[in-house]
Amino acid sequence: MFADWPLLSLVIWVPIFGGLLVLATGGDEKAPAARILALAVAILTFALSLPLWTGFQLGTAEMQFVERSAEPWIPAFNIYYHLGVDGIAMPLILLTTFSTVLVVIAGWEVIQTRVGQYMAAFLIMEGLMNGVFAAVDAALFYVFWEAMLIPMFIIIGIWGGPNRVYATLKFFLYTFFGSVFMLVALLYLYNVSGSFAIPDFHQMKLGMNAQILIFLAFLIAFAVKVPMWPVHTWLPDAHVEAPTGGSVILAAIMLKLGAYGFLRFSLPITPDASGALDWLMISLSLIAVVYIGFVALVQADMKKLIAYSSIAHMGFVTLGFFLAWRILDNSGDLRGAAMGIQGGLVQMISHGFISGALFLCVGVLYDRMHSRQIRDYGGVVNTMPVFAAFMVLFAMANSGLPGTSGFVGEFLVILSAFKADFWFAFLAATTLILGAAYSLWMVKRVIFGEVVNERVAKLQDITGREFLFLMLLAIAVIGLGVWPAPLLEVMDASVAHLLQQMMTSKL
Amino acid sequence: MSADDIKLIGIAIVLAPLVGAALAGLFGAYLGRKGSHWVTILGVAIAFGLSAVLFKAIVFDGAETFNGPVYTWLATEGIRFEVGFLIDRLTVMMMVVVTFVSLMVHIYTIGYMHDDPGYTRFFSYISLFTFSMLMLVMANNFMQLFFGWEAVGLVSYLLIGFWYKRPTAIYANLKAFLVNRVGDFGFLLGIAAVLMVFGSLDYATVFERAPAVVGQYFTILEGHEWEVLTVICLLLFVGAMGKSAQVPLHVWLPDSMEGPTPISALIHAATMVTAGIFMVARMSPLFELSETALSTVLVIGATTAFFMGLLGLVQNDIKRVIAYSTLSQLGYMTVALGVSAYAAGIFHLMTHAFFKALLFLGAGSVIVALHHEQDMRKMGGLYRYMPVTWITFLIGNLALIGTPGFAGFYSKDSIIEAVAESHIWGAGYAYLAVVAGVFVTALYSFRLYFLVFHGKERMDEHTRAHLHETPPVITVPLILLAIPSVVIGALYVGDMVFGNWFGSAIVVAEAHDVLGELAREFHGPLAMATHALSTLPFWLAVAGVATAWFLYLKRPDIPDRLARRLAWLYRLLTEKYYFDRFNEVVFAGGARAIGDFLWRLGDRLLIDGLVVNGSAKLVGFSAAVLRHLQTGYLYHYAFAMILGLLALLGYFVLWTPQG
């Protein structure tokens, strides 16, 4: 029945117009209406995104659910309203619509000021993020990409912590600085090809110098977003200041946009440059895994710790993407390269669940104690046993325990990295130790032990609402860990196609 | 029995304890204490009963080995990662041992944890453990093996930290998990190497292709070539060292005694810690192809067997003595693997599972009777009050020290004989270690025995007045475990060790087949026992018991004087060779220092301080400077224009090419 619905437009515009509607409910005296309306819009959008999964054609790398306006949107530059998803983008849209539902539930009672605006910001951002994943036209992509910054800027700036101004500025300037380079690259590509369609970019020939410059321009934009070492320092600050919902969306979706950019732009448009500079990407990724792993260990603030852990986990994503050339060099064939890319993709989805869950857990504690400092806690299990069970589960998932989603991506990437070089795998596998060390050491200090102070003694265990969102995430984390096959099936053809693009020289 | 039946039964065996764990864990509050223990005991009892059915089918009725998938976990590039079972003789033996000991521990727990507020949670955990361990032993591929491997690690973590209020318990469980992760780090790399070399993670495929890669090399460091199979085996063995607590990754096991005693019996003695032994035996088709790997295994095992036994001599906590004994016995098993006597290693694993579970549960019985007192200096003379515990404990001890006729004798003596027979590099050292280890084993075992059950009653008056035998839920499992501790050795040594009982499950190269050599001299269990009376190990064991009797019953003043006289040695032993101190300072401290350094210098000073905020300041500074140019005075602007005009004119005049 959904076959002829413009599903992609719906998942973009329903939340955006829904968000405007929520905004129109007015001041905080109408807060209950704003919440219910927001939840309804979020659930509706999630429901609308499900047919993308059920109706998805396996075995093809073609764009699906394609919508393309007959007339150009901006004729002067040959820009079209052109949407479509493949096996790489589709799961990310589902992740976005799922996460937004959680965020609306998570903000239900916690946010008491400007409720309508808060909810609206998240809904509008959801639509824009879906737009980024669905855009097939580069100009459209860029518009969504930049527009998305605004609601996040507002979310941190208004509902954020005491140091929010510094954090928002840093966040905005960092990412904006990156985006400018992407814009220049896109304009160059348009100039050469006369089109903004991404598939046209994929087809066109490019000289090596041009490729290198374009690759670097994209790299700056995407590396900031992922974030990769050394342009990662905005993330811990943004997370610490952001409200819980902001952190969840930031970690679960926004970081994925950078990684998605590598797959959609860098690798297929500049394959030769990507191959020539893979050493750079691999080095930065491994630095992220090891260096950031150590840094996470010494954090005193729970949110900072999880933020650093996010950076380390995203290192696996970029590592997996850029292994193909080394594998080819080392073993003479490409077996294992697709595994690395798929591992990176699974890691993206999994990290969305796990880091989202961990930020929600910290949010649950913060709402009660108004502190994120590890030293203010201890013995939480005594007063919040149900919460403690969730926290231990998610911490274990964060340290890559088999049977949880956290294992799948890391496992595939390490297997793939071994084919490229023993030492890549060796360094990547240190996450087994470091990841467990920082996650479980935090759990030890926060959750276990005797009750350390009066305030912990007075803690109330999670409410039904909190149980709901943690349970949904727990099911997602375990479900993906026990049976990842369906997710890989969806990606399979698109990844194979991408790999083929990467291996086809454009010189 | 058809393959489909075996598969269905296999699924039921795995799921029964998982369902029990889930019910007790999620709905413990509704089920109540009775409901929780019944549902989990039922789950494990089903698993045990069905394991016995499979054991009968495979061993007695000659059913085919089952090797097949249950479901596809994921597929990529044509490689299917599956969850599946390999059910052969090795598997069914492990399944029966695991589910039997687990069942005993479940029943025992009713008594031991009677007053604990975490009663239902405990049952949930040990059932979850049973599920994980079964997944581990029944796996037919490396991915699932790793799943089981880590899952038992998780449950071990949860159970060591079961009493989460105790600082020592939550320190110990973090330590256990991290040390195990160091092992898993190697193990995972080993699995990655297997996939790279063989293109598959299925045992059957890998074993089939293994002989073809002999003589292939990796370059890991420039200029150093490593044989592929050696690298794979060594990496896998690092995993075994973590799980089976071999030096230097043994440090977590003594501390794991912070957990409740039933799990010390189940997890940290009988089953989980033997996973490494099982794994290496399972991988015998690979290890057989690398003598370097075998020698490494042998030397590490021998070192663990002897030196960890010594530490048992100076401990005063009853459970820690048994823990060091476990380390030492795991060393014996590892030694067996190193000399390719896999069957002997697995046989010792089995007998050890029974008598060590018995010893731990016996110790638990003592601990309960003394109101959770674990210090042996406050025990003594208990044989008067606790006859069942006393006799069963004595049986366990006799089995442990290798008294001819008892289960431990047959397995341990086979290992010692196998080492004597072996010519692999390191066998000489290993022989010394395992023979000397016999004396040490007898000494620490009977030191414990005399201190606890005989001699002066050193507990306080109040405790003594209330001393009595523990209830049947505790003593019945002791009796049920004491039976195999006596008879199982004599019953099975002929078949399992010398009779090629495991069939195709264990592969031994012609040149390493020490058990095959020994089999020719084997004339039944009785002859083996009588022959032993004239051998060195037997008299060393007797000497050990006699020394213990002299030092701890006859002249209890001597040990203290010895400790003072040999203060440096005593200190070395009580400090556990300084492994813990070293790890604490170098690894834990080092990691924190590195993290702190990178964070302060890298992130905050260089990246944020210099580059990010630096550029912001630079922009601010430039703006401040440039601001002065915009003064608003017309003559300033006019002056600037003239300067610019002059500069341009100069440029054209001077640099324009002539012509």
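Just above, that's the structure.
Residues numbered from 1 in each chain as written. Chains lettered and ligands numbered in written order. Predicted model: local features only at pLDDT ≥ 70, side-chain atom pairs only at ≥ 80, totals over all residues. Heavy atoms only, no water.

> Would you take a moment to explain the overall build of chain B for this structure?
When you go through chain B residue by residue, the secondary structure sums to 26 helices and four strands. The principal-axis extents of the C-alpha atoms in chain B amount to approximately 115 × 65 × 60 Å. Within chain B, residue pairs in contact and separated by at least 24 positions form 79% of the contacts whose partners lie at least 6 positions apart. Element-wise, carbon and sulfur atoms account for 68% of the exposed surface of chain B, whose accessible area totals about 25,900 Å². Charged side chains of chain B number 39 positive and 43 negative; the gap between the two group centres comes to 13 Å. (Helix = DSSP H or I, 4+ residues; strand = E, 2+ residues; numbered from the N terminus. Contact = heavy atoms within 4.5 Å. Areas by Shrake-Rupley, 256 points an atom, 1.4 Å probe, with all protein chains shown as cover. Lys, Arg positive; Asp, Glu negative; His and termini not counted. Charge placed at Lys NZ, Arg CZ, Asp CG, Glu CD.)

> Got a minute to help me understand the packing of aromatic side chains in this structure?
Aromatic ring pairs are reported here in terms of the distance separating the ring centres and the angle at which the planes meet. Within the structure shown, the criterion is met by 68 aromatic pairs over all chains. For the pair F407(A) and W73(B), a centre-to-centre distance of 5.9 Å together with 40° between the ring planes defines the contact as tilted. Of this pair, F407(A) sits in helix α19 (residues 405-420) while W73(B) is found in strand β1 (residues 66-76), placing the two residues in two different chains. The same class applies to F407(A) and to W73(B), which are both buried. An aromatic cluster of at least three residues, connected via ring pairs, comprises F141(A), W145(A), F215(A), F218(A), F222(A), F262(A), F265(A), F322(A) and W325(A). (Phe/Tyr/Trp six-rings, centres within 6.5 Å; stacked < 30°, edge-to-face > 60°. Buried < 20%, exposed > 50% of the residue type's maximum accessible area, 1.4 Å probe, protein only.)

> I tried to follow the side chain of K419(A) on my own but got confused; where do I start?
Note that K419(A) resides in helix α19. Setting aside anything within four residues of it in sequence, one finds K419(A) in contact with I327(A), N330(A), R335(A), G336(A), L195(B) and M196(B).

> Would you take a moment to explain the packing of helix α13 (residues 278-297) of chain A against helix α21 (residues 431-446) of chain A for this structure?
The angle between the axes and the distance between the axes are what describe a pair of packed helices. Residue and element names in this part refer to chain A. Between α13 and α21, the least distance of the axes is 9 Å, while the angle of their chain directions is 15°. Classified by the angle between their axes, α13 and α21 sit roughly parallel to one another. Along this stretch, α13 crosses α21, giving a crossing that reads as left-handed. Two secondary-structure elements touch here, α13 through V289, V290, G293, F294, A296 and L297 and α21 through T431, L434, A437, Y438, W441 and R445. (Axes fitted to C-alpha atoms, helices over the stretch in contact; angles between N-to-C directions. Parallel < 35°, antiparallel > 145°, perpendicular 65-115°, else oblique. Left-handed = near helix turned anticlockwise from the far one by under 90°.)

> Help me understand the interface of chain A and chain B in this model?
Across the contact, 64 residues belong to chain A and 54 residues belong to chain B. Summed over both sides, the interface between chain A and chain B buries roughly 5,200 Å², with carbon and sulfur atoms accounting for 75% of that surface. It is F411(A), F418(A) and L432(A) that lose the most area in chain A upon contact with chain B, and together they represent 12% of the buried surface on that side. Our enumeration of links across chain A and chain B arrives at one salt bridge. The salt bridge partner of D608(B) is K170(A), with a shortest N-O separation of 2.6 Å. The interface formed by chain A and chain B holds 16 residue pairs in polar contact (both at pLDDT 80 or more) in total. Residues belonging to the side of chain A that touches chain B are distributed by class as follows: 44 nonpolar, 13 polar and seven charged. (Buried area = accessible area lost by both parts, 1.4 Å probe. Salt bridge = Lys/Arg side-chain N within 4 Å of Asp/Glu carboxyl O. Polar contact = N/O pair within 3.5 Å; in protein donor to acceptor, adjacent residues only side chain to side chain. Nonpolar A, V, L, I, M, F, W, Y, C, P; charged D, E, K, R; others polar.)

> Help me understand the pairing of strand β4 (residues 224-227) of chain B, please; the structure alone is not making it clear to me.
Look at any regular strand and the pattern is simple: side chains alternate between the two faces of the sheet. All names here are of chain B. Direction of pairing for strand β3 (residues 217-221) relative to β4: antiparallel, over a ladder of four bridges. Paired with L221 across the two strands is H224, which belongs to β4. What sits between β3 and β4 in their antiparallel hairpin is a turn of two residues, with G223 showing a positive phi close to 85°. (Pairing = 2+ DSSP bridges.)

> Would you explain the environment of G161(A) in this entry?
By the element assignment, G161(A) lies in the loop between α6 (149-159) and α7 (164-193). Along the primary structure G161(A) and K458(A) are separated by 297 residues, whereas in three dimensions their C-alpha atoms are 24 Å apart.

> Could you clarify how one ought to interpret the environment of W441(A) in this entry?
Structurally, W441(A) can be placed in helix α21. Those residues in contact with W441(A) that sit more than four places away from it in its chain are L297(A), A436(A), L174(B) and R592(B).

> Would you mind showing me how to read the pattern of salt bridges here?
Pairing between side chains of opposite charge can happen when the charged atoms of each approach one another. Counting across every chain of the model gives 26 salt bridges over all chains. The salt bridge partner of R326(A) is D278(A), with a shortest N-O separation of 3.3 Å. Placement of the pair is R326(A) in helix α15 (residues 324-331) and D278(A) in helix α13, with a sequence separation of 48 residues. Classification of D278(A) by relative accessible area gives buried; the value is 2%. The network of salt bridges with common partners includes K175(B), D255(B), R320(B), K576(B) and D580(B).

> Before we go on, may I ask you to explain the nonpolar core in this structure?
As a rule of thumb, nonpolar side chains are buried together in soluble globular proteins. Core analysis: the biggest nonpolar cluster contains 460 residues, and F321(A), F387(A), F81(B), F142(B) and L286(B) have the highest contact counts within it. With residues near it in sequence (within four places) discarded, F321(A) still touches A259(A), F262(A), L263(A), L267(A), G340(A), I341(A), G344(A), L345(A), M348(A) and M502(A). (Core = buried A, V, L, I, M, F, W, Y, C linked by side-chain atoms within 4.5 Å.)

> Got a minute to help me understand a nonpolar patch on the surface in this structure?
Together, L15(B), V19(B), L23(B), L26(B), F27(B), Y30(B) and L31(B) line one region of the surface with nonpolar side chains, adding up to about 700 Å² of accessible area. By secondary structure assignment, the location of L15(B) is in helix α1 (residues 3-60). (Patch = residues over 30% accessible without salt bridge, like charges linked within 9 Å, V, L, I, M, F, W, Y side chains within 5 Å.)

> Is there a simple way to explain helix α10 (residues 234-241) of chain A in this structure?
Counting along an α-helix, one turn takes 3.6 residues, and residues three or four places apart therefore face a common direction. With eight of eight residues buried, α10(A) is to be regarded as a mostly interior element. Within α10(A) the residues assigned to the buried category are W234(A), L235(A), P236(A), D237(A), A238(A), H239(A), V240(A) and E241(A).

> Sorry if this is basic, but what is going on with unusual backbone geometry here?
Leaving glycine out, the prevailing phi sign among residues is negative, and the prevailing peptide bond configuration is trans. For the bond running from W229(A) to P230(A), omega is 0°, close enough to zero to count as cis. Here P230(A) lies in the loop between α9 (208-225) and α10. In this chain, V247(B) is followed by P248(B) through a cis amide linkage whose omega measures 5°. The residue H370(A) is not glycine, and still its phi comes out positive at about 55°. Phi is positive for H372(B), which is not a glycine, with a value near 60°. Within the secondary structure, H372(B) sits in the loop between α14 (342-369) and α15 (387-401).

> Is there a simple way to think about the packing of helix α11 (residues 244-269) of chain A against helix α16 (residues 337-369) of chain A in this case?
All names here are of chain A. The contact between α11 and α16 brings their axes to 7 Å, and the two run at 165°. The angle between α11 and α16 falls in the class roughly antiparallel. Between α11 and α16 lies a crossing of right-handed hand. Contacts between α11 and α16 pair T244, S247, V248, A251, A252, L255, K256, A259, Y260 and L263 from the former with I341, L345, M348, H351, G352, S355, G356, F359, L360 and G363 from the latter. The residue makeup of the contact of α11 with α16, split by class, is twelve nonpolar, seven polar and one charged.

> Mind showing me how you'd approach the environment of G242(B) here?
Residues and elements named next belong to chain B. Tracing the chain through its elements places G242 in helix α7 (residues 228-243). With 59 residues separating them in the primary sequence, G242 and G183 have C-alpha atoms 4.4 Å apart. G242 has contacts with N180, G183, L249 and W252, leaving out every residue within four places of it along the chain.

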